[in-house]
Structure formats: structure tokens, C-alpha cells
Amino acid sequence: MRIAILAVFALIGATPVLAQTPRAGSWQDAVRRLGDAHVGHPIRSGRVVASPTAIIAESEPNDSIRTADSIALGDQAVGVLNPARDVDVWFVDLTEGQLFSVDVDAQVLGSPLDAQLVLFAPDGRTVLAFNDDFNDLDSRISFRVPASGRYFVAIGSFGGNTGSPLARYALNFGTVTCSGLGTEREPNDSPATATRIAIGDSGTGEICPVVERPTGDVDYWAITAQAGTTLDLAVDAASFGFVGDPILALYAPDGTTRLAFNNDFIGSDSRLQFSITTTGTYYATVANVLGFGDPFRYTLHVGTIVPGPGDPITVRAENLGIPLGLAVGNTGDVFVSDVSGGRVLRISAENRVTTFATGIPSPVSVAFDASGQLLVTSLAGGVYRVTPQGQATRFITDGIFPFWVAVAPDGRIWITDLGNRSVRRYSATGQFETSFDAIGIGQSGPGPLAIGPSGEPYVSNGTEIWRLRNGRFERVLAGQSLIWAFAFDVAGNIYAPLPTAGTLKLFDSTGVVLADPFAVGPDAPQAVAFGRDATGATLARVFAIDPQVGRLFEIKPAAVRQRGLPGYVAPSLALDVVVAALLGAGGLSLADRQYLDAVGNHNGHYDVGDLRAYLRVLQGSNR
């Protein structure tokens, strides 16, 4: 049996999970977590048994099911894993229906042990549960007992490498129970049974794991709010030393329409703000992000904040999946990428939502190129180009992990590549020109990208925005929250979405804060873009998308200071010069010919097909 148990540890310990996981805090990690709003950080553990009934020391040999040491619920087992690859096995008698929990104390005792736990069924062979690094290096298993009997717990070291005379541990054997402490009034797991709480007050409650309550424990709180109020809801759990990772949501008076959602605003604690437009009773919910682990107590604070000048926001479209990228076409239609649906959606001026393009795996950012076609980056790699008819083809394929795309006034295409942390520049027709190393900007950069008033690219590295000027990166501003896909107006003001704060912030061109918040209510605003009219002219209207609730919002237009930057500007080419160039005469630069080819048939050179296309452009603009 020793060989079998060691084989279990060797098999599990050899799995390269960490090597497959995006680095915490990176743009890849942020996108991954947006894909599933219910995935969060591990719940941090307290002890199962604060004061054990008895402390039982191991007795060697105890490295097999046959020689396992005996322990009872409420007791604490102590031992040492020595030599390397040592495994200690304990048995405990459990009763059907109990929520059994066994918790390792090693790192917290100063031990070098990186412990792993395995729970075996009464047959001594079937693995029921495994855990490694539940609370930093210390492990925990919580398990609902399916049938009364004798169960076995094996403790070993990760990879079998940390066994030594110093590798001591304590195992706390107990059960998980929910005490029902706090001002909440159970049952309160629905709008009909919600516990009432007034604005300005705080309420306390306890969240039990799903395994304790099979339907899950969600605490509802009823809040009466007046129109014009901006609610500020915050949950404290981890910050108070309690064990848990709370998630917070706000629902409309119908009790089913989710208005806002937040997870991990400060550490594992959550916070959200939302501007109320209709007087009524709203519902805040607190739950456990993972649904398992120990119960935890929390405090819900219900307050208000002064709304920003851009409040209240207006919902323009919903049920958009998980929208990450945002662009506005030259007819005024808004285009968003739905990373979960593998599609690009079009929202008309009448707020009608239709599918514009499909077949792009996990689309992220979107931008219109010089020929009026939509560029789309994909998490699967590459940049796609979508015709006005919605036909998508792979366009740029030489990047490693293209993330964000923007098009400069000269038609050149700029891309941030997370594969080698660079900013890459391409011609208007997609030909690679040069690359700039962005590792030096730090944090997780380069991330979202926008073109500034001078035609230079600006990128976010996480909480800072940097400008690329003359081949060198210069920091423009630094914030305190994550900054995603920002946009410029013609005066150079920066409209920045802060998804972890649930707000938008307004900076001037030098990085001075003009409004914080500029607007609240988009729960996790991801990207912003300026609107256009039917002629393609930019307007003083700002749109934002929210992947957490799948909606497109508009900021109050009266608060928008200037119209948006026009983006790509087509060169004004005299028709006779264009015709003469086709007949062999000079007069057109390489950039001009690339532009004409981008407007026309995209075959790599200027020809008669491009002339026909340019004539149509002139006709459409009455030039």
C-alpha cells in the first residue's frame, strides 16, 4: 500500500498546473477570468479546530492503510515527514452526511513542509479528494461524507522533496458547521425573503458552502433607493480576517435583472457602485465565489457616493455575451466583440442588435482599418479582417499573441503582442514594418492600445498609460486601478475605463485627473469609444461596454467635453493625379498607393480596380 499511496502523490504532484496558468495580474489572466464570472481566488483558510480535544502524535511506521494511525473528530494529529518521500496515513470514523474537514498547519508553524493531502474511501484505494496549497503552502480538504465508515487521510510533501527532520505538521480533524450569526435573517436566499437594510447602515451575515447547503447559500439584502442616488456597496470579509472570497451583485426591483457585479475589488473583498434611475427596492446579494470551503462571516456596507458628471448612464444594448472590444463604424453603428460567443455584434442607432460576423475564435479587440474593414484580434492568435458584408478572414498571422489593435491617422495598424511584450506596426495593407520592445514599461504591459492626437500609440501596462514617441516609451499618467481600453477626444483628454473600480475616469492630456469618477454604474467597464453620425463624423458621445453584465452603455452626453478623435483620415488625392499614376506618371507616394489598394482590391499594388473603388469613394463624399 505504501507504493500505491506514493504513486498517488507522485502522479498528482507531477501535474504541471502552474505552467499552464496565466500569470496573475496579466492581461491574459484578466481575459481568462472575464470568461467565467464565477472563477476567483482560492479561499484562505482558518483552522478547523481552534482548541483540539486531544493531540495525537504519529507512530511509525504509518505509511500505509494497514498501518494507519487512529484519530477522532476534534483531535489534532502531529507528526514529521522524514525522510524525503515519507507519507503519514491516519484513519478516522465518519458518519453519513457530515461535512468533514481536515486542515494542515505546517507553514504557519514555521515548517518548510509543502504539504499535500489525499482522502481515501473506506476501501483504502479510491481517492475521494486531493488538495495542495489551499492556504499558501498549507492544504485543506472539505468533503461531504456519502456513507458511514472508516476513511483514510494521507499527508505527504509536494513532489516528495521536502521531507526532513524539520518538516513537522499538525492535522486538524473536524466538521464544518454554519452558526447563522449576524443581522441577516435566514432564510434570506431570495428577493421575497431578503433582509432589509437602509442606506447608511451595515449588515452582517454568514455564507455557508454549497456542500453544506446543496442549493448554495446566497444572502439577499433589500435596499430602497431614490432616483438620482448612486449606491456604493462594499463587502468586508478577508479584510476582517474572516475566511472567504465574497462576490457581490445588485439586482433590479424585479429581483432577476442583474445590474452590477463585482469580485475582488480589494484583495478578495468586493465593492460596486451603481446609479439609480428609478425609485424602488433593489436587491444586493452576497455569496461565495467558489461555493465550497469553510463558512465565513462578512459585513455589507450600504452607502452612497456623489455621482460623476457622466451619470446617469443609459443602457443602449444588452445580452451581448462577454463583450471585450468596441469600435464605431462610419455610419454610426457600434460594433462589439463577444469573446464567449466567437462573434462580432452590430448595434444600430436604434439599439437593434444583430450578428455582424462569426467564425473568429475568442475575439478580443476591434478597430476599423483604412479601407473600412473591421480588424479583430483573437485569443487563438492572429488578427482577422472582416468585410462590410461580415466575411472574416485571417489577415495578420506573424504575431505571437496579438492582443489589442488600433489604426493611426495615416492608416498604419498598431498591435500589442503579449507573446513577447512588444508593440508592432504594420502598413495599411497588413505588411509588417517594425516592432518596439515594451517590457520596460513594467507591470503587465503592453495591454490595451489607442492612438493619441499626434498619431502616436498609447498603451496601458495595467495602472499606467505610456506613449510611444520616437521609438521610446514615456509614461503619461498613473492611476490606482486597472485601466483598460481608453479613448481620446480632440483636445487630448483621456476617457479611461476602470473595470475593477466599476467606474470611468477622465484625465487631461498631461495625466491630470479631471473627474474621478467621471461616471459610475458600468459595473466593469472594459472599453470606451466615441460615437459617430451617419456621415462618419465623430461626436461628443461616449459608449462603454461591460463584460460582466453583457451590456453597452452610453455616458450622459452633456458631460462629454469634446468630440472624439476622428481616427483614420483618408488622404485627399486629386483625381487627375490618381489617374496619371495609373498610366505610369508619378505623383503618388508609396503610402498613397497603399491607401488606394486598401480601398480597392487589396492585391498589393495600385491598379485599375483600385481606381474604380476610389471613384466610388469620391462619389460618396461628393468630392
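Residues numbered from 1 in each chain as written. Predicted model: local features only at pLDDT ≥ 70, side-chain atom pairs only at ≥ 80, totals over all residues. Heavy atoms only, no water.

Our next topic: the overall build of the protein chain. Looking only at helices and strands, the protein chain has 6 helices and 43 strands in total. Here the protein chain holds 623 residues, and the buried ones make up 54% of them. Element-wise, carbon and sulfur atoms account for 53% of the exposed surface of the protein chain, whose accessible area totals about 25000 Å². (Helix = DSSP H or I, 4+ residues; strand = E, 2+ residues; numbered from the N terminus. Buried < 20%, exposed > 50% of the residue type's maximum accessible area, 1.4 Å probe, protein only. Areas by Shrake-Rupley, 256 points an atom, 1.4 Å probe, with all protein chains shown as cover.)

As a further point, take the confidence of the model for the protein chain. For the protein chain, per-residue confidence averages 84 on the pLDDT scale, and 84% of positions sit at 70 or higher. Across residues 10-25, where pLDDT falls below 50, the model places 12 contacts with residues more than four positions away in sequence or in other chains. A low-confidence stretch, residues 33-49 (pLDDT under 50), is modelled with 62 contacts involving residues beyond four sequence positions or located in other chains. (pLDDT = per-residue confidence, 0-100. Contact = heavy atoms within 4.5 Å.)

Another point: the packing of aromatic side chains. All told, the structure shown has 14 aromatic pairs when counted by the stated rule. Seen in terms of ring centroids, Trp-404 and Trp-484 are 6.0 Å apart; in terms of plane orientation they differ by 75°. Their pairing is edge-to-face. With a gap of 80 residues between them, Trp-404 in strand β29 (residues 402-407) and Trp-484 in the loop between β36 (472-478) and β37 (487-488) connect regions that are remote in the sequence. Trp-404 gets classed as buried once you look at its relative accessible area, which sits at 4%. (Phe/Tyr/Trp six-rings, centres within 6.5 Å; stacked < 30°, edge-to-face > 60°.)

Read from one edge of the open sheet, 4 strands run β21-β22-β23-β24, paired in antiparallel fashion. Lying at the two open borders of the sheet, with one neighbouring strand each, are β21 (323-328) and β24 (353-358). When the angles between neighbouring strand axes are averaged without regard to direction, this sheet yields 25°. Relative to β24, strand β23 (residues 343-347) runs antiparallel, the two sharing 5 bridges. Bridged to Val-344 within β24 is Ala-357. (Pairing = 2+ DSSP bridges. Axes fitted to C-alpha atoms, helices over the stretch in contact; angles between N-to-C directions.)

Burial analysis of strand β39 (residues 503-507) places 5 of its 5 residues in the buried class, which makes it a mostly covered element. Burial of β39 is two-sided: the residues Thr-503, Lys-505 and Phe-507 facing one way and the residues Leu-504 and Leu-506 facing the other way are all buried. Sheet topology places strand β38 (residues 494-498) next to β39; 5 bridges connect them, and they run antiparallel. Opposite Ala-496, over in β39, you have Lys-505 as the bridge partner. Where β38 folds back onto β39 in an antiparallel hairpin, the turn is made up of 4 residues, including Gly-502, whose phi is positive at roughly 70°.

Pairing between side chains of opposite charge can happen when the charged atoms of each approach one another. As enumerated under the stated definition, the model contains 17 salt bridges in all. Between Arg-475 and Glu-464 there is a salt bridge, with its nearest N and O atoms 2.9 Å apart. Taken together, the residues span a long stretch of sequence, with Arg-475 in strand β36 and Glu-464 in strand β35 (residues 464-469) at a distance of 11 residues. Note on Glu-464: relative accessible area 11%, which makes it buried. (Salt bridge = Lys/Arg side-chain N within 4 Å of Asp/Glu carboxyl O.)

This paragraph deals with the sheet that holds strand β42 (residues 538-546). Pairing is antiparallel in the open sheet, where 4 strands are placed in the order β20-β43-β42-β41. With one partner strand each, in any of the chains shown, β20 (314-317) and β41 (527-532) form the two edges of the open sheet. When strand polarity is set aside, the average angle formed by the axes of neighbouring strands in this sheet is 40°.

With an omega of 0°, the peptide bond between Glu-60 and Pro-61 qualifies as cis. Omega for the bond connecting Asp-516 with Pro-517 falls within 30 degrees of zero, at 5°, which places this linkage in the cis form. Within the chain, Asn-319 stands out as a residue other than glycine whose phi angle is a positive 60°. Mapped onto the secondary structure, Asn-319 falls in the loop between β20 and β21. Since its relative accessible area comes to 67%, Asn-319 is described here as exposed. For Asn-470, which is not a glycine, the phi torsion comes out positive at approximately 55°. Mapped onto the fold, Asn-470 is located in the loop between β35 and β36. Using a relative accessible area of 76% as the deciding quantity, one classes Asn-470 as exposed.

Okay, the nonpolar core next. Among the nonpolar cores identified, the biggest contains 36 residues, and Leu-326, Val-334, Val-336, Trp-404, Trp-414, Phe-473 and Leu-552 are the most heavily contacted of them. Those elements giving two or more residues to this core turn out to be β21, β22 (334-338), β23, β29, β33 (449-451), β35, β41 and β42. Setting aside residues up to four positions removed in sequence, Val-336 forms contacts with Leu-320, Pro-323, Gly-325, Leu-326, Arg-343, Val-344, Leu-345, Ile-347 and Ile-545. (Core = buried A, V, L, I, M, F, W, Y, C linked by side-chain atoms within 4.5 Å.)

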